[in-house]
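# An overview of the molecular structure
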Amino acid sequence: MRPAHRFFERQHRRGGLFPLAAVLVAFGAVLSGCGTHSAPTAAGVPSAPGNTAAAGHSPGNASPMAAGRTDAHAINQKPRPLQFVRRGTHVAIQIYAEETTVHVAPGTPFHAWTFDGSVPGPTILLKQGDHVALTLHNLDPMMAHSIDLHAALVAPNMNFVDVPAGRSRTIHFVASVPGVFLYHCESEPMLQHIAMGMYGAVVVTPKTAPAPQAVVVQSEFYLPPTYENMLNDQPTYVVFDGALDCLVTHPLRATVGKPFMLAFVNAGPNQSSAFHVVGGTLGTVDQSGNPADALHDVQTVDVPPGDGILVTLKFAQPGVYPFVSHDMAQFARGAVGHIAVAAAAKG
Ligand SMILES: [Cu+2]
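Residues numbered from 1 in each chain as written. Predicted model: local features only at pLDDT ≥ 70, side-chain atom pairs only at ≥ 80, totals over all residues.

Attention now moves to the overall build of the protein chain. The helix and strand tally for the protein chain stands at seven helices and 20 strands. In the protein chain, buried positions account for 48% of the 347 residues. For the protein chain, contacts bridging at least 24 residues in sequence account for 70% of all contacts bridging at least 6. (Helix = DSSP H or I, 4+ residues; strand = E, 2+ residues; numbered from the N terminus. Buried ≥ 20, exposed ≤ 12 C-beta atoms within 10 Å, placed from the backbone. Contact = placed C-beta atoms within 7 Å.)

Here it is in structure tokens:
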């Protein structure tokens, strides 16, 4: 993710002023690690590259059938960016379920089930105490989807329910607990809907706290994406922000001596992450992203599927600091990103 102010700067360089609605989108739905997933622009279309729609996809690239599908007709829907409108502490969000082909590795298209046409879906930034009305529009013409927000303390059987193909449904909740949360599709089979790409991060910051400088989502890809492979828990890739080496080629950026705040979510669906930064200790780790549950100077922290952390650390020297899952099988399958740390400005 790029910090929000840099996003604004980039937009202004490109085209000067743009509609207020786009500003509001940018404020609420920040870019994820590669700075490319469902990045809203003034024109309302996602930017590229990254794990957004694969150009030139045809139904011939469709993944093999998996459980829960009764058709063999893969489609590739155009990514549709999340809409985020804030009025005081009231937030209205429009999010879209759709099927879009992305790339999980070079030359590896993946027919994903998505929120907003990207994997992971857009990060949603909220403030503690926000009153949220979130509408899921299911643009998928073939199957039901839903959304389960771990930040929403509501009755799941009344809220996290299936939205039939072509229909919409609104969830109301108050973001009462600060944290780094997962959201995901909860339609059955849930394992499949998550493994196919339906997840993202919600970050709820205390009212007086800044938003993190970066949000990273770990997840697994099972190729071919059969239900049997998902059950067997032997992922082909375990990656950060939806694509192999995404955050190696697009490193996060920090400065020597300045606090760097990273929100990290593990979407799974199956495996725990052993989050670790090479060349540093994790100065403060807020478990689930809650400052009431802080650890200090830990070397590696367990982040199970469905959980998140907020890490604040400082770097002593300029250089490149890998962050990894220290589970070596996951590391070998792609769970690595870089933080490029620059020297502090003189004077
Ligand atoms: Cu779904």
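Once the structure has been displayed, the description carries forward.
If you walk across this open sheet you meet the five strands as 12-20-19-14-17, and the pairing is mixed. Each having just a single partner strand, strand 12 (252–255) and strand 17 (300–303) make up the two edges of the open sheet. Taking each pair of neighbouring strands and ignoring which way they run, the sheet shows an average axis angle of 25°. One ladder, built from four bridges, connects strand 12 with strand 20 (residues 336–342); its direction is parallel. Within strand 20, the residue paired with Thr255 across the bridge is Ala342. (Pairing = 2+ DSSP bridges. Axes fitted to C-alpha atoms, helices over the stretch in contact; angles between N-to-C directions.)

Burial within strand 18 (residues 307–313) is extensive, with six of its seven residues counted as buried. Here strand 13 (residues 260–268) pairs with strand 18 via seven bridges, running antiparallel. Among the inter-strand pairings, Met261 is bridged to a residue of strand 18, identified as Thr312. Sheet analysis places strand 15 (residues 282–287) next to strand 18, joined by four bridges and oriented antiparallel. Note that in strand 18 the partner of Asp286 across the bridge is Leu310.

In this section: the nonpolar core. Counting residues in hydrophobic clusters, the biggest one holds 83 residues, and the most contacted among them are Phe181, Ala201, Val202, Val239, Ala263 and Phe264. At seven residues, strand 2 (residues 90–105) tops the list of elements feeding residues into this core. Those residues in contact with Ala263, other than ones at most four positions away along the chain, are Val180, Ala201, Val203, Pro212, Val215, Gly289, Gly308 and Leu310. (Core = buried A, V, L, I, M, F, W, Y, C linked by C-beta atoms within 7 Å.)

So, to be careful, I would describe these as geometric facts and stop short of saying anything about function.
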